[in-house]
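This is what each chain is made of:
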Amino acid sequence: MKYKSQIVAYWFFATCMLLLSLQVIYGFIMGFAHMGFDNLHSIIPFNAARATHTNLLVVWLLTGFMGAAYYIIPEESDRELYDVRLAYIQLISLIVVGVTAIIGFHLNWWEGRKFLEIPRPLDYLVVVNVLVFIYNIGMTIWKGNKFSTTQLVLYVGLLSAALLYLPGMISFENQTLDSYYRWWVVHLWVEGVWELIMGSILAFLLIKLTGVDREVIEKWLYIIVGITFLSGILGTGHHYYYIGTPKYWLAVGGFFSALEPIAFLGMALYAITMYRRSGRNHPNKVALYWTMGCAVMSFVGAGFLGFAHTLPQVNMYTHGTLITAMHGHMAFWGAYAMLVLAIISYATPIMTGRKLWNNMASMLAFWLSNIGMVGMTGAFAVAGITQVYLERKMGMDFLTVQKEIEVHFFGLILAGCLFTTGIVLYIYNFIKHGVPAPGNSLTEADEVESVPSLI
Amino acid sequence: MLSKKQARMLFIVSTGLFAIVFLALTYDSMQQIPARTNAHNLSASAIRGHEIWNDNNCMGCHTVLGEGAYYAPELTRVYERRGEKWMKMFLKNPEAMYPGQRKMVQYNFTDGQIDDLISFFKWIGEMDLNGFPAKPTIKMSSAQNNGAVSANSPQVFKDVCVACHSVNGSGGNVGPALDHVGSKFDAAYLNKWISDPQAVKPGTAMPQLNVSDADRALVVEFLSGLK
């Protein structure tokens, strides 16, 4: 570790671990409710569990991105973080706002707008919080001694993510307009500017882990984010098929969202190619697993499974069914959850000075969580396809169909247990690293230690 | 192959170009959406209904326009499917209508709030949605054909009772089928049963529906005829 202020990132990552474990618990509550075991209905009705599950996801990913930025930006700018105290204040206030929102959800205090349920007064606090973060990072870059494409793309991604939060705060009386601008946040985040963040964090990890020349990696970074926006911006149209919007969105959304997998394929090929050119034997193999895994699983989940229901002819029947849950789970896992877990796996040993990489727990964490997620996606797929045929194609009653597919939620829960075992091992390993203490961190020399390749 | 500078140009140009196209299409959509969504029919009551929908995060279980969660039914065409009478009864006490099944939160809506929600769903149901939700394409031979109950049944039977009961194989399957119910029970018993199910059979899952006297008489007459 080059700068001691990078340690701020550790506390953001620790917060991620906490929020992720809560998210998993709420996932189980919903899985059981789908099977008919809704014993918690009076305290945690399904809509509260659902809002909590998805918002925790968004918050822990954002916390992870912030932690990643606090780790990466000082190193790329070649100076200490602009204001360390401000970073801690920002983290604590983020946690306070997040906890308040989650308690609010259980007391029926929210906005009924998917993914953006956080009540309006708290929205303003989120904006202030993010502005403080953007300011802190921006000043570090501004006063930095070095300038890199990776840091520029990361900064542009974070800044645009903050700006795109604003359209979600406009209220409309018309449900269609409400949805129209809600997607500016949700779609343009996950299939737009978050991919800038993803691309730049991957670039940083690849530079560190493979030792491939920065110029080559950064050139490809531009090409990939270029393709992302080329397809992703008009790809928003796949949310505008059937919500009261003009018919041309069927053509525009269909065509451009069919191109979206190319960006994710590009991301996967880029990571694999860089790995193959690898001129360096970095000892932290598990971080490399998560990095390569992220690039590949994001293509499978976001690219391939997204394409599976993105064409208007297909979406006519799958729109608003469990098919969306199938795609959503693996897409978020592959593209963003694995990315945050990759940077945590890479940075934690360096910050704490404990080389707990490549041990049994960390390797099992990788495999079990991934196999579990593949199984969960499969369970959602079978449930979703059955729902589409029985309810949408044959016109059977909603609840009758739900009874038929209950058994697939048992499968979901089994796979979820495997997934959870992986996550528990990951968190266990994270905790075992201990808290970073000054002077303990690893140096650059520790990063080129040669160990036999495990791949 | 591209140089780094060319790659950066690709990124800037494609982003700029497609952002402009997107904004232009958004401008055009804003011109068309009011007509396609019948914004002129968006009454004060429907707007209040929309607020109730938002404030209680109904999207956390249901979908409307196909957006939301997948725990409870799609409600885009609920007004057409269920009708006002059924919706009123359901929103008064959701669990009573689906005893022992997946639960909905009891919000204790006032009559005014229920009317607002119904106006909201009526407005949603009349939008031009490019054909969504699609009509079922696979024909079923006999089983499960909701809605097509025998033509001589009274309207209230079609609106309310068929949600749970079936006649001639069409209708819901929450309660027992009502074929031949007329030969099992006489009119007086049926009348008493519908007006207060708990008094006849304590603990029964059949809800007290509070239908008007006139409607009840029609239902009793119809059921008595099912021999």
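Residues take numbers from 1 onward in each chain, read along the sequence in its written order. Chain letters and ligand numbers both follow the written order, the letters beginning at A and the numbers at 1. Reporting of local features is limited, given that this is a predicted model, to residues whose pLDDT is at least 70; pairs of side-chain atoms are given and counted only at 80 or more, and all residues count toward the totals for whole chains, interfaces and linings. Excluded from the side-chain calculations are hydrogens and water; all other atoms, namely the structure's heavy atoms, are used.

### Considering the overall build of chain B
The line we're drawing: To qualify as a helix, a DSSP run of H or I must reach at least 4 residues; to qualify as a strand, a run of E must reach at least 2; elements of each kind are numbered from the N terminus. Categorising residues by exposure relies on relative accessible area from a 1.4 Å probe, with only protein chains included: less than 20% of the type maximum marks a residue as buried, more than 50% marks it as exposed, and the intermediate range marks it as partly exposed. Throughout, a residue-residue contact means that at least one pair of heavy atoms, one from each residue, lies within 4.5 Å. Per-residue and other accessible areas follow the Shrake-Rupley method at a 1.4 Å probe size, with only the shown protein chains counted as cover for residues. Positive: Lys, Arg. Negative: Asp, Glu. His and the chain ends are not part of the count. A charged residue contributes its charge at one atom only: NZ of Lys, CZ of Arg, CG of Asp or CD of Glu.
In terms of helices and strands, chain B carries 10 helices and 4 strands. For the C-alpha atoms alone, the extent of chain B along its principal axes is close to 85 × 40 × 30 Å. Taken over 227 residues, chain B has a buried fraction of 48%. Long-range contacts, defined as pairs at least 24 residues apart, comprise 56% of the intrachain contacts of chain B with a sequence gap of at least 6. Split by element, the accessible area of chain B, about 11200 Å² in all, is 57% carbon and sulfur. For chain B, the distance from the average site of its 22 positive side-chain charges to the average site of its 20 negative ones is 8 Å.

### Focus: the overall build of chain A
Going by this rule: Two things to know: the radius of gyration comes from C-alpha atoms, and the globule rule equals 2.2 Å times the number of residues to the power 0.38.
When helices and strands are counted, chain A shows 14 helices and 0 strands. Mapped in sequence order, the helices and strands of chain A form the string α-α-α-α-α-α-α-α-α-α-α-α-α-α. For chain A, whose C-alpha radius of gyration is 21 Å, the value lies close to the compact-globule estimate of 23 Å for 455 residues. Dimensions along the principal axes, computed over C-alpha positions, put chain A at roughly 65 × 45 × 40 Å. Within chain A, buried positions represent 65% of all 455 residues. Within chain A, contacts between residues at least 6 apart in sequence are counted, and of these 84% link residues at least 24 apart.

### Describing the domain arrangement of chain A
Residues and elements named next belong to chain A. Convention followed: Source of the domain bounds: an automatic or database domain assignment. Take the accessible area each of two parts loses on contact, using a 1.4 Å probe, and add the two losses: that sum is the buried area. The salt bridge criterion pairs a side-chain nitrogen of Lys or Arg with a carboxyl oxygen of Asp or Glu, the two atoms within 4 Å. Whenever two N or O atoms come within 3.5 Å, that pair is a polar contact, provided that in protein one can donate a hydrogen and the other can accept it, and provided that, for residues adjacent in sequence, both atoms are side-chain atoms. Any residue that is not Ala, Val, Leu, Ile, Met, Phe, Trp, Tyr, Cys, Pro, Asp, Glu, Lys or Arg is counted as polar, Gly included; the first ten are nonpolar and the last four charged.
Partitioning chain A into structural domains gives domain 1 (1-142), domain 2 (148-280) and domain 3 (282-455). Between the C-alpha centres of domain 1 and domain 2 the distance comes to 20 Å. Interface of domain 1 and domain 2: buried area, both sides summed, is about 2400 Å²; carbon and sulfur atoms make up 72% of it. Contact with domain 2 buries area across many residues of domain 1, yet Phe65, Glu76 and Arg113 alone supply 27% of it, more than any other trio. In this assembly, domain 1 and domain 2 are joined by 3 salt bridges. Among the ionic pairs, Glu75 bridges to Lys208, the shortest N-O distance being 2.5 Å. Along the contact surface separating domain 1 from domain 2 lie 11 residue pairs in polar contact (both at pLDDT 80 or more). Here the side of domain 1 that touches domain 2 gets 12 residues from one element, more than from any other, and that element is helix 2 (residues 46-77). Tallied by class, the residues present in the side of domain 1 that touches domain 2 amount to 19 nonpolar, 2 polar and 6 charged.

### Side note on unusual backbone geometry
Omega for the bond connecting Phe132(B) with Pro133(B) falls within 30 degrees of zero, at -10°, which places this linkage in the cis form. Mapping Pro133(B) onto the fold places it in the loop between helix 5 (111-125) and helix 6 (155-159). Positive phi is not limited to glycine here, since Asn358(A) has a value of about 65°. Positive phi values are uncommon outside glycine, yet Asn108(B) reaches one of about 50°. Mapping Asn108(B) onto the fold places it in the loop between helix 4 (94-97) and helix 5.

### Brief notes about the pattern of salt bridges
Residues and elements named next belong to chain A. On inspection of all chains with the given rule, the structure shows 23 salt bridges over all chains. The salt bridge partner of Glu111 is Arg120, with a shortest N-O separation of 3.1 Å. For Glu111, a relative accessible area of 11% puts it in the buried group. Under the relative-accessibility criterion, Arg120 is labelled buried at 19%.

### Section: the packing of aromatic side chains
Just so we agree on the cut-off: Aromatic pairing here means that ring centres of Phe, Tyr or Trp (its six-membered ring) are within 6.5 Å. Orientation follows from the plane angle: under 30 degrees is stacked, over 60 is edge-to-face, and everything else is tilted. Placement of a charge over a ring requires the Lys NZ or Arg CZ to be within 6 Å of the ring centre, with the centre-to-atom vector within 35 degrees of the ring normal.
Enumeration according to the criterion identifies 49 aromatic pairs over all chains in this entry. Following the ring pairs from residue to residue traces out a cluster consisting of Phe172(A), Tyr180(A), Tyr181(A), Trp184(A), Tyr240(A), Tyr248(A), Trp249(A) and Phe22(B). Cation over ring: Arg102(B) sits above Tyr71(B), and NZ or CZ is 4.2 Å from the ring centre.

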